[in-house]
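Understanding the architecture of this molecule
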Amino acid sequence: MINCIIIDDEKHARIELIYHLNKFKKLSVIADFSNEIDAINFIKKNTVDLVFLDITMITSNGIDTAQKIKSLDLNKIPYIVFVTAYDEYAARAFDLEAIDYILKPINEKRFDKCINKVLHIFEKNNLKKDYFNTTNNKDIISLSKNNIVYPIKKNLIKLVYIENRTLIIETTKGKFIVTTSLNEFEENLSSNIFFRVHRSFLININYIEEIIPWFNSTYKIKITDIDMEIPISRNQTHNFKKIMNII
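Residues numbered from 1 in each chain as written. Predicted model: local features only at pLDDT ≥ 70, side-chain atom pairs only at ≥ 80, totals over all residues. Heavy atoms only, no water.

Things to note about the pairing of strand S9 (residues 166-171)
Here S9 lies mainly inside the structure; 5 of its 6 residues are buried. Of the pairings in the sheet, the one linking strand S8 (residues 157-163) to S9 comprises 6 bridges and is antiparallel in character. Paired with isoleucine 162 across the strands is leucine 167, a residue of S9. Between S8 and S9, which pair antiparallel and follow one another directly, the connecting turn spans 2 residues, one of which, asparagine 164, has a positive phi of 55 degrees. (Buried < 20%, exposed > 50% of the residue type's maximum accessible area, 1.4 Å probe, protein only. Helix = DSSP H or I, 4+ residues; strand = E, 2+ residues; numbered from the N terminus. Pairing = 2+ DSSP bridges.)

What follows is the structure, given as structure tokens:
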């Protein structure tokens, strides 16, 4: 079952979404909220797989809310579908790796297409989990480049990041570009050497070369042989200091 919540300050919009979602047996609406504060507190304490989020709300902006959700210190960050009456935020929404962007008033066929996409993503994730739970090669992930597939030991992955809506994998064997999302890729790296320092960056702590103090008591880091300064988000700074034993 896919646990869903709805964040929309208009009650009739929440009721309409619940009506549409109740048609799908694999989706369960476990809560709905009129404001981001209650919603985020709920996400912190409960397993939420998918958030249907309005953008223009009285008390908050849905883009900002999505950024806060993405930066939460959780084992699994929920996916997001934006549902809004305005189309001008679409580019920013997809920068946040939103699954989809639905315009109000909701068109039933368009909404069904979105949910089929959601179901496909979760089914694919479950297949990946089944594979990685049974395979003997848990320490290997295969990446493609120039029509050649390279088996890469996971501990040779140095950095994973998003650039221009593209996921880039930096390894000791070179750079690879993949079509999956950062959240999906992270699920395949079930190891204590990987740490999500920012919504756009996942690092292998064994390749940290420098830790540079930055503003607001945060840090930037440099990874071996990569010419880039990677920010540590404020929400992850405390955990980063614990992991790296910064006193």
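Focus: the pattern of salt bridges
Tallied over the entire structure, the rule returns 12 salt bridges. Residue lysine 104 pairs with aspartate 8 through a salt bridge whose shortest N-O separation is 2.7 Å. One end of the pair, lysine 104, is in the loop between strand S5 (100-103) and helix H5 (108-134); the other, aspartate 8, is in the loop between strand S1 (2-7) and helix H1 (11-21), and 96 residues separate them in sequence. With a shortest N-O distance of 3.7 Å, lysine 175 and glutamate 170 are connected by a salt bridge. If you follow the salt bridges from partner to partner, you end up with Asp8, Asp54 and Lys104 in one network. (Salt bridge = Lys/Arg side-chain N within 4 Å of Asp/Glu carboxyl O.)

What to know about the nonpolar core
Counting 24 residues, the largest nonpolar core has Ile5, Ile7, Val51, Leu53, Ile69 and Phe82 as the members making the most contacts within it. Secondary structure elements with two or more residues in this core: S1, strand S2 (27-33), helix H2 (36-45), strand S3 (50-53), helix H3 (62-70) and strand S4 (79-84). If we ignore the near neighbours within four places in the chain, the residues touching valine 51 are Ile5, Ile7, Ile43, Ile69, Pro78, Tyr79, Ile80 and Val81. Among the nonpolar cores identified, the runner-up in size contains 22 residues, and Ile2, Cys4, Ile106 and Ile121 belong to it. (Core = buried A, V, L, I, M, F, W, Y, C linked by side-chain atoms within 4.5 Å. Contact = heavy atoms within 4.5 Å.)

Considerations on the pairing of S2
Moving residue by residue along a regular strand, the side chains alternate between the two faces of the sheet. One ladder, built from 6 bridges, connects S1 with S2; its direction is parallel. Directly across from isoleucine 5, in S2, lies its bridge partner alanine 31. Following the backbone out of S1, through H1 and into the adjacent parallel S2, one traces a crossover that is right-handed. (Right-handed = clockwise from strand over helix to strand, strands pointing away.)

Description of the layout of surface pockets
What the largest pocket holds in volume is close to 620 Å³. Where the lining of the largest pocket is concerned, the elements lending two or more residues are helix H6 (182-187), strand S11 (194-198) and helix H7 (234-243). Take the lining of the largest pocket: its biggest share by element is 4 residues, from S11. Across the lining of the largest pocket, the residue classes tally to 9 nonpolar, 10 polar and 8 charged. By volume, the second largest pocket amounts to about 440 Å³. As for the second largest pocket, its lining consists of 22 residues, of which Phe94, Glu97, Ala98, Arg165 and Ser181 are closest to the centre. Where the lining of the second largest pocket is concerned, the elements lending two or more residues are helix H4 (90-95), H5, S9 and H6. Of all the elements, H5 adds the most residues to the lining of the second largest pocket, at 3 residues. By residue class, the composition of the lining of the second largest pocket is 9 nonpolar, 6 polar and 7 charged. (1 Å grid on protein atoms, 1.4 Å probe; cavity = no way out; pocket = protein on both sides within 12 Å on 5 of 7 lines; lining within 4 Å. Points joined across faces, edges and corners; volume = space filled by probe spheres on them. Nonpolar A, V, L, I, M, F, W, Y, C, P; charged D, E, K, R; others polar.)

A word on the packing of aromatic side chains
Under the criterion given, the structure shown has 9 aromatic pairs. Between the aromatic rings of phenylalanine 33 and phenylalanine 42, the centroid separation amounts to 5.3 Å while the plane-to-plane angle is 55 degrees, which identifies the pairing as tilted. A relative accessible area of 13% means that phenylalanine 33 is categorised as buried. Pairing phenylalanine 195 with phenylalanine 240 gives two aromatic rings, centres 6.3 Å apart and planes at 25 degrees, and the pair type is stacked. One end of the pair, phenylalanine 195, is in strand S11; the other, phenylalanine 240, is in helix H7, with 45 residues separating them in the sequence. Overall, the relative accessible area of 0% leaves phenylalanine 240 in the buried class. Linked through ring pairs, Phe195, Tyr219 and Phe240 together constitute an aromatic cluster. Here lysine 145 stacks its cationic end above the ring of phenylalanine 176, 4.6 Å away from the centre of that ring. (Phe/Tyr/Trp six-rings, centres within 6.5 Å; stacked < 30°, edge-to-face > 60°. Lys NZ or Arg CZ within 6 Å of the ring centre and 35° of its normal.)

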